[in-house]
Amino acid sequence: MNAGNHRPLRMLVTGGGTGGHTYPALTTVAAVREQAAARGLDLDVLWVGTATGLEARIAVEHGIPFRAIKAGKLRRSPSPRELLTNLADMFRIPVGVMQAFGVAARYRPDVVLSTGGYVCVPLGVASRMLGRPLVMHEQITALGLANRILARFATRIALTHPSSIEHLPASARERAVVTGNPVRPHLLNGNAPSGRWHFRLSPELPLVYVTGGAQGSRQINTMIEAILPSLLTRAQVLHQCGPDWIDQLTRTAAGLPGELAGRYQPVPYVGDELAHVLAAADIVVSRSGAGTLAELTAVGKPSVLIPLIPSAGDEQRQNARYLVEAGAARALLESGPQAGQLLAELDILLADPQARVTMAKAARSLGRLDAADALARVILQEADAAGAR
């Protein structure tokens, strides 16, 4: 594609189900749009996903046209219930492929971006059938099931971690490039005083920011609740606990001794203030999903990670181990960790500011601030190559 071509560059985007797949796609769309504009090109985007996935809401909120298709998820659990669900989903897969083929054939994309999730498989197959270039992005250290399928015929494979190359089929490795995992740009511009002011936090005490994701995590919430009387003697805690937990943890806060009560603040969610909260935090306690780790390394934050076990392919534990081995985090890697173990890990970091500085530096060394731009360049290169053929 070039500026002399008056037809807009058409990019079909597929990916979603969770924020880990959806937000990298959204961030990359913005980067492609900016790079295309610098070349005098307009960008036309169509997002294809499931009607119930996060991507449907995010696309609409950002003014991106959206088409829903059926998609079947192949679960790897041996339980009878999951086997029956797998059987039902097997009938959705060919329907989704036909729907995807119809959407792609009508849209005629110059390039297709896939960011993961089972909805990507029908679009990946359709792009292959139509001879359209497919750029596949993988966020985790290993490969998800959908991406293991797509890697065999994606024209370019964008990876977050160099170590992911060894998980690719041998025939696909020459098509791989390490771009990093795109992070929402506003997270890189946090202001610590703004974060403390917004949540009435003290500048005198270390801040532990706790999050289990948008809906909260029962495991993390109960562990934090158990260790509050001890933890609050040497830190303050901002706890994003999820809407289902806010009433219980507000009561817990009210029952703390007077001085400690002012050091604990549960909130159902953290919205646009997240960049400022991360800037203010001395330690983050969280799951170890790919998106979370991309954000922690981009902003360079010490963390104590509590992987979701089990997760698909044990990916969260692999992600956490990757940061631990790099000196960028501490983690509770065994199943069923106890609250006392979390307190012990936090105590180590709270007692040693220099350890936090060293860990922050190690985390930042793993971050890729240019990931969205790097992935956008790969996408435009594939569109150019397809146009030249």
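First, a word on what this report is: a plain description of the structure on this page. Bear in mind that the values here come from a model prediction, so they are computed numbers and not experimental data.

**Side note on helix H1 (residues 19–38)**
Then, in step 1: Taking 1.5 Å of rise per residue, 20 residues should cover 28 Å, and H1 covers 29 Å from first to last C-alpha, within 8% of that figure.
Then, in step 2: Within H1, the full set of buried residues consists of His-21, Thr-22, Pro-24, Ala-25, Leu-26, Thr-27, Thr-28, Val-29, Ala-31, Val-32, Gln-35 and Ala-36.
Then, in step 3: In the stretch just after H1, Gly-40 is the one whose phi turns positive, near 80°.

**Digging into unusual backbone geometry**
Then, in step 1: Even without glycine at this site, Arg-108 takes up a positive phi of about 55°.
Then, in step 2: Inspection of the secondary structure puts Arg-108 in the loop between helix H3 (80–107) and strand E4 (111–114).
Then, in step 3: Even without being glycine, Arg-200 reaches a positive phi, approximately 55°.
Then, in step 4: Here Arg-200 shows up in the loop between helix H6 (192–198) and strand E8 (207–211).

**Structural notes on the sheet that holds E8**
Note: strands within a sheet are paired through backbone hydrogen bonds, in either parallel or antiparallel orientation.
Then, in step 1: Taken in spatial order, the six strands of this open sheet run E10-E9-E8-E11-E12-E13, and their pairing is parallel. The sheet is open, and its two edges are formed by strand E10 (264–267) and strand E13 (330–331), each paired on a single side.
Then, in step 2: As defined by bridge partners, E8 adjoins strand E9 (residues 236–240) across five bridges and the pair is classed as parallel. For Val-210, the partnering residue across the bridge sits in E9 and is His-239.

**Describing the pattern of salt bridges**
Then, in step 1: One pass over the structure, following the stated rule, counts nine salt bridges.
Then, in step 2: For Glu-382, the salt bridge goes to Arg-156, with nearest N and O atoms at 3.5 Å. Taken together, the positions of Glu-382 in helix H15 (residues 371–388) and Arg-156 in strand E6 (residues 156–159) put the pair 226 residues apart, joining distant regions of the chain.
Then, in step 3: As a salt-bridge pair, Arg-234 and Asp-347 come within 2.7 Å of each other at their nearest N and O atoms. With Arg-234 in the loop between helix H7 (218–231) and E9 and Asp-347 in helix H13 (residues 339–350), this pair connects stretches of sequence that are 113 residues apart.

**Concerning the packing of aromatic side chains**
Then, in step 1: All told, the structure shown has zero aromatic pairs when counted by the stated rule.
Then, in step 2: Above the ring of Tyr-23, the side-chain terminus of Arg-184 is found at 4.4 Å from the ring centroid.

**Here's the deal with the pairing of E4**
Then, in step 1: Both faces of E4 are covered, namely the face carrying Val-111 and Leu-113 and the face carrying Val-112 and Ser-114.
Then, in step 2: When strand E1 (residues 9–14) meets E4, the two strands line up parallel, connected through four bridges. The residue of E4 that forms the bridge with Met-11 is Val-111.
Then, in step 3: Strand direction decides the pairing type here: E4 and strand E5 (residues 134–138), joined by three bridges, are parallel. Bridge pairing in E5 links Leu-113 to Val-135.
Then, in step 4: Between the parallel elements E4 and E5, the chain passes through helix H4 (residues 120–130) in a crossover that is right-handed.

The rules behind the values
- Residues numbered from 1 in each chain as written.
- Predicted model: local features only at pLDDT ≥ 70, side-chain atom pairs only at ≥ 80, totals over all residues.
- Heavy atoms only, no water.
- Helix = DSSP H or I, 4+ residues; strand = E, 2+ residues; numbered from the N terminus.
- Expected span 1.5 Å × (residues − 1).
- Buried < 20%, exposed > 50% of the residue type's maximum accessible area, 1.4 Å probe, protein only.
- Pairing = 2+ DSSP bridges.
- Salt bridge = Lys/Arg side-chain N within 4 Å of Asp/Glu carboxyl O.
- Phe/Tyr/Trp six-rings, centres within 6.5 Å; stacked < 30°, edge-to-face > 60°.
- Lys NZ or Arg CZ within 6 Å of the ring centre and 35° of its normal.
- Right-handed = clockwise from strand over helix to strand, strands pointing away.

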